[in-house]
Number of protein chains: 2
Amino acid sequence: MSLLTVGTVAFDDIETPFGKVEMAIGGAATYISLAASYFTQNINLVSVIGDDFPQETLDQMSSKGVNLDGLQVREGEKSFFWAGKYHDNLNDRDTLDTQLNVLADFDPVLPASYKNPDYLMLGNLTPDVQIRVIEQLENRPKLIALDTMNFWMDIALDSLKKVLTMIDALIINDEEARQLSGEHSLVKAAAKIVEMGPKFLVIKKGEHGALLFHGEQIFFAPALPLAEVYDPTGAGDTFAGGFMGYMAQTDDLSFENMKRAIIYGSAMASFCVEKFSIQRLLELNDVDITNRIKRFVNLVNFDAKL
Amino acid sequence: MSLLTVGTVAFDDIETPFGKVEMAIGGAATYISLAASYFTQNINLVSVIGDDFPQETLDQMSSKGVNLDGLQVREGEKSFFWAGKYHDNLNDRDTLDTQLNVLADFDPVLPASYKNPDYLMLGNLTPDVQIRVIEQLENRPKLIALDTMNFWMDIALDSLKKVLTMIDALIINDEEARQLSGEHSLVKAAAKIVEMGPKFLVIKKGEHGALLFHGEQIFFAPALPLAEVYDPTGAGDTFAGGFMGYMAQTDDLSFENMKRAIIYGSAMASFCVEKFSIQRLLELNDVDITNRIKRFVNLVNFDAKL
């Protein structure tokens, strides 16, 4: 099945306790599409870059089945840039710099061939841009998932609430869920957020795993305990990409299958953090992924003997 | 099988966002033995109280199969007292008051009938007292588990390191594991701590679940997502009590069975936090526990379809 994804394609300066990289490849749509490419090769990407973005990375994405017809390249302009420094615990980070550049007036124009996606992953962007994408679709996708962040809750809550009524699955982290709902308990937060529109809610808790809420059902996926986390950047987007890639591959909207998709998303995220930037996502194969999934099975599997 | 437990039997003043209780029943050995009593009725308790402790609570414990022959009652003295206030997130708390009282010079004397336990749970106490208990045993138990806290790492590290060489399983929380090992990564922390003695290490992460480490094996048990957590006091001790009670009941030291024991411990802890003090631990039955275990199965169960 086809997957359409919209989000940033960008540069990051990243500092973690394990090192520092400058002008590393980043961006939500980059991570999402690379992670999804291990599950489906029918991926359409919508984004915008300047003329400073390396052709080599674009070629790598194309070779993995990511269609870049919807990637706008602005001559004489610069790509979106973010700089951040992680604390020693790797859960907290400070944003040191954000330069919108080409993103400032980004209008996501969907090529005609993009307008009938089976699955749609809206990466973190201003809610109005996310709405603009949905409005250009000719048919309703089987599943629309959306990521967002606290910043949009602060400055664009009305637009965010509008787009929440247009989607199926919201994928956010615990602090975002708490801010959006005004509830500390994630169970209570989930109940309030589901009332805002999305039938499915995924709450990412970083190294503490992820929760999937749907109706009365709750599923918990652990994060893999790792000795070293080199760079958490992009882990959330990689999770979303693995999740939606697996959904597009299997084309099965049952809760049972969505649980598997959450595990695949968690597995892809566990790879992402093992090296800086997108490095790890370029070098995986199916055996790596299957072995990683087995580790998740062993991690949580028990026979209750009831 | 028989379970011996040593720890405090005490009073707590507790304030949470949901209310306040004064002189509520508390203490590690109280929670441990009550939780374990749902799995084995062969429980011997060693502790010390003043003459201020209510007979009603002692009768409740006895009626649940907890033998109190090893509970010293000091006439004219007061029981151990702790007062704490939880933050809104319920993960952090401030200690407002600690009065050692009878605990100041506690010498744990084991009655003759206590000296051959099959299983031994050493609740959080000064490491020297924990060592004194082990030294009085006539036979090595099948499993010795121990809880401790940061405070003993600060002021009694040598004694703590000594007792770690005498036990099988250490049950501590994530911050304690980090302090004891000097490692932030729990995987690295576990590797260092296992070298200090215990073959099994359980790291409790509160609302984020618990990890069991043994050799190269890792098992993760989630915490049950709850809408309301009224009072986290005693949850860690209840976890340990459920864990050791299940081990004593099943008498199976395999890793597979220990995984189940961790889930039973988590289930008992999930009950504990639903009401103040030991209230919830007095009113459960086997059906409650089986239904709770089913919720844990549903929470993490998935078919990887590999």
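Everything quoted here is computed from the prediction, not taken from an experiment. (Residues numbered from 1 in each chain as written. Chains lettered and ligands numbered in written order. Predicted model: local features only at pLDDT ≥ 70, side-chain atom pairs only at ≥ 80, totals over all residues.)

### Notes on the overall build of chain A
Line of reasoning, step 1. Tallying secondary structure elements over chain A gives 10 helices and 13 strands in all.
Line of reasoning, step 2. Scaling as 2.2 N^0.38, a compact globule of 306 residues should have a C-alpha radius of gyration of about 19 Å, and chain A matches this with 18 Å.
Line of reasoning, step 3. With respect to the principal axes defined by its C-alpha atoms, chain A has extents near 65 × 40 × 35 Å.
Line of reasoning, step 4. Buried residues in chain A amount to 49% of all 306 residues.
Line of reasoning, step 5. Expressed as a percentage of contacts within chain A between residues at least 6 apart in sequence, the contacts between residues at least 24 apart total 69%. (Helix = DSSP H or I, 4+ residues; strand = E, 2+ residues; numbered from the N terminus. Rg over C-alpha atoms; globule rule 2.2 N^0.38 Å. Buried ≥ 20, exposed ≤ 12 C-beta atoms within 10 Å, placed from the backbone. Contact = placed C-beta atoms within 7 Å.)

### Some thoughts on the confidence of the model for chain A
Line of reasoning, step 1. With 100% of its residues at a pLDDT of at least 70, chain A reaches an overall mean of 97.
Line of reasoning, step 2. With pTM at 0.95, the complex prediction returns an ipTM value of 0.93. (pLDDT = per-residue confidence, 0-100.)

### Side note on the sheet that holds strand β2 (residues 10–16) of chain A
All names here are of chain A.
Line of reasoning, step 1. The four strands lie next to each other as β3-β2-β6-β7, forming an open sheet whose pairing is mixed. Only two strands of the sheet have a single partner each, and these edge strands are β3 (19–26) and β7 (93–99). Taken over all neighbouring pairs, the strand axes of this sheet differ in orientation by 15° on average, direction set aside.
Line of reasoning, step 2. Here six bridges tie β2 to strand β6 (residues 80–86), and the two strands are oriented parallel to one another. Looking at the pairing, Asp-13 lines up with Ala-83 of β6. (Pairing = 2+ DSSP bridges. Axes fitted to C-alpha atoms, helices over the stretch in contact; angles between N-to-C directions.)

### Considering unusual backbone geometry
Residue and element names in this part refer to chain B.
Line of reasoning, step 1. Here the phi dihedral of Met-23 falls at roughly 50°; this positive angle occurs in a residue that is not glycine.
Line of reasoning, step 2. Along the chain, Met-23 turns up in strand β3 (residues 19–26).
Line of reasoning, step 3. Judged by the 14 C-beta atoms lying within 10 Å of it, Met-23 falls in the partly exposed class.
Line of reasoning, step 4. Residue Asn-101 is not a glycine yet carries a positive backbone phi of 50°.
Line of reasoning, step 5. You can see Asn-101 is positioned in the loop between β7 (93–99) and β8 (119–122).

### Details of the pairing of β6 of chain A
Regular strands show a simple pattern: their side chains alternate between the two faces of the sheet.
Line of reasoning, step 1. Summarising the sheet, β6 of chain A and β7 of chain A pair through six bridges and their orientation is antiparallel. Pairing of Tyr-86 of chain A across the sheet is with Arg-93 of chain A, part of β7 of chain A.

### Quick look at helix α1 (residues 28–36) of chain B
The periodicity of an α-helix, 3.6 residues per turn, causes residues three or four places apart in sequence to face the same way.
Line of reasoning, step 1. A large share of α1 of chain B lies buried, amounting to nine of its nine residues.
Line of reasoning, step 2. Restricting attention to buried positions, one finds in α1 of chain B the residues Ala-28, Ala-29, Thr-30, Tyr-31, Ile-32, Ser-33, Leu-34, Ala-35 and Ala-36 of chain B.

### Some remarks on the interface of chain B and chain A
Line of reasoning, step 1. Across the contact, 32 residues belong to chain B and 32 residues belong to chain A.
Line of reasoning, step 2. Of all the secondary structure elements, the ones that give two or more residues to the side of chain B that touches chain A are α7 (186–195), β13 (217–221), α9 (255–272) and α10 (286–300) of chain B.
Line of reasoning, step 3. With six residues, the single largest contributor to the side of chain B that touches chain A is α10 of chain B.
Line of reasoning, step 4. When grouped by side-chain class, the residues that make up the side of chain B that touches chain A number 18 nonpolar, five polar and nine charged. (Nonpolar A, V, L, I, M, F, W, Y, C, P; charged D, E, K, R; others polar.)

### Re the nonpolar core
Line of reasoning, step 1. Ala-145, Met-244 and Ile-262 of chain A together with Ala-145, Met-244 and Ile-262 of chain B are the most contacted members of the largest nonpolar core, which has 198 residues in total.
Line of reasoning, step 2. Beyond its immediate stretch of four places on either side in the chain, Met-244 of chain B contacts Leu-3, Ala-36, Tyr-119, Met-121 and Ala-145 of chain B. (Core = buried A, V, L, I, M, F, W, Y, C linked by C-beta atoms within 7 Å.)

### Quick look at the packing of helix α9 (residues 255–272) of chain A against helix α10 (residues 286–300) of chain A
Residue and element names in this part refer to chain A.
Line of reasoning, step 1. Interaxial distance between α9 and α10 falls to 10 Å at its minimum, and their mutual angle equals 110°. If you check the angle between α9 and α10, you find them roughly perpendicular. Considering how the two elements wind past one another, α9 and α10 form a crossing that is right-handed. For the pair α9 and α10, the contacting residues are Ile-263, Tyr-264, Ser-266, Ala-267, Ser-270 and Phe-271 in the first and Ile-289, Arg-292, Ile-293 and Phe-296 in the second.
Line of reasoning, step 2. By residue class, the composition of the contact of α9 with α10 is seven nonpolar, two polar and one charged. (Parallel < 35°, antiparallel > 145°, perpendicular 65-115°, else oblique. Left-handed = near helix turned anticlockwise from the far one by under 90°.)

### Notes on the relation of the copies chain B and chain A
Line of reasoning, step 1. Rotating chain B by 180° and translating it 0.0 Å along the rotation axis places it on chain A, where the RMSD comes to 0.0 Å. Read as a symmetry element, the transformation amounts to a two-fold axis. In terms of proximity to the rotation axis, the leading residue of chain B is His-208 of chain B, whose C-alpha is 3.0 Å off the axis. (Least-squares fit on C-alpha atoms with pLDDT ≥ 70 in both.)

### What about the pairing of strand β12 (residues 210–214) of chain B?
Residues and elements named next belong to chain B.
Line of reasoning, step 1. Among the five residues of β12, four are classified as buried, and the element is accordingly described as predominantly covered.
Line of reasoning, step 2. In terms of strand pairing, strand β11 (residues 200–204) meets β12 through five bridges, oriented antiparallel. Looking across to β12, one finds that Phe-200 is bridged to His-214.
Line of reasoning, step 3. What sits between β11 and β12 in their antiparallel hairpin is a turn of five residues, with Gly-206 showing a positive phi close to 60°.
Line of reasoning, step 4. The loop that links β12 with its antiparallel partner β13 comprises two residues; one of these, Gly-215, has a positive phi angle of about 55°.

### Description of the sheet that holds strand β8 (residues 119–122) of chain A
All names here are of chain A.
Line of reasoning, step 1. Strand order in the open sheet made by the nine strands is β5-β4-β1-β8-β9-β10-β11-β12-β13, with mixed pairing throughout. Strands at the two margins of the open sheet, each flanked by one partner only, are β5 (66–74) and β13 (217–221). Within the sheet, the average angular offset between the axes of one strand and its neighbour, ignoring direction, is 15°.
Line of reasoning, step 2. Against the sheet, helix α6 (residues 174–181) makes contact with β10 (169–173) and β11 (200–204), and its axis sits at roughly 110° relative to β10, the strand it touches most.

### Considerations on the environment of Lys-305 of chain B
Line of reasoning, step 1. With respect to the helices and strands, Lys-305 of chain B occurs in the segment after α10.
Line of reasoning, step 2. In this structure, the C-alpha to C-alpha distance between Lys-305 of chain B and Ser-79 of chain B, residues 226 residues apart in sequence, is 56 Å.

### Focus: the packing of helix α6 (residues 174–181) of chain B against α7 of chain B
Residues and elements named next belong to chain B.
Line of reasoning, step 1. Put simply, α6 and α7 touch, their axes get as near as 9 Å, and they point 60° apart. Taken together, the axes of α6 and α7 are oblique relative to one another. Judged by the sense of rotation from one axis to the other, the crossing of α6 with α7 is left-handed. Contact residues: Asp-174, Ala-177, Arg-178, Leu-180 and Ser-181 in α6; Leu-186, Ala-189, Lys-192 and Ile-193 in α7.
Line of reasoning, step 2. A breakdown of the residues in the contact of α6 with α7 according to their chemical character gives five nonpolar, one polar and three charged.

### Focus: the environment of Glu-56 of chain A
Line of reasoning, step 1. The residue Glu-56 of chain A is located in helix α2 (residues 55–63) in this model.
Line of reasoning, step 2. Sequence separation between Glu-56 of chain A and Phe-80 of chain A is 24 residues, and the spatial gap between their C-alpha atoms is 18 Å.

### Notes on helix α8 (residues 235–250) of chain A
All names here are of chain A.
Line of reasoning, step 1. A rise of 1.5 Å per residue sets the reference length of α8, with its 16 residues, at 22 Å; its end C-alpha atoms lie 22 Å apart and thus fit the reference within 8%.
Line of reasoning, step 2. Of all 16 residues making up α8, 14 are buried, and the element is well covered by its neighbours.
Line of reasoning, step 3. A positive backbone phi angle near 50° is found at Asp-251, which sits one or two residues after α8. (Expected span 1.5 Å × (residues − 1).)

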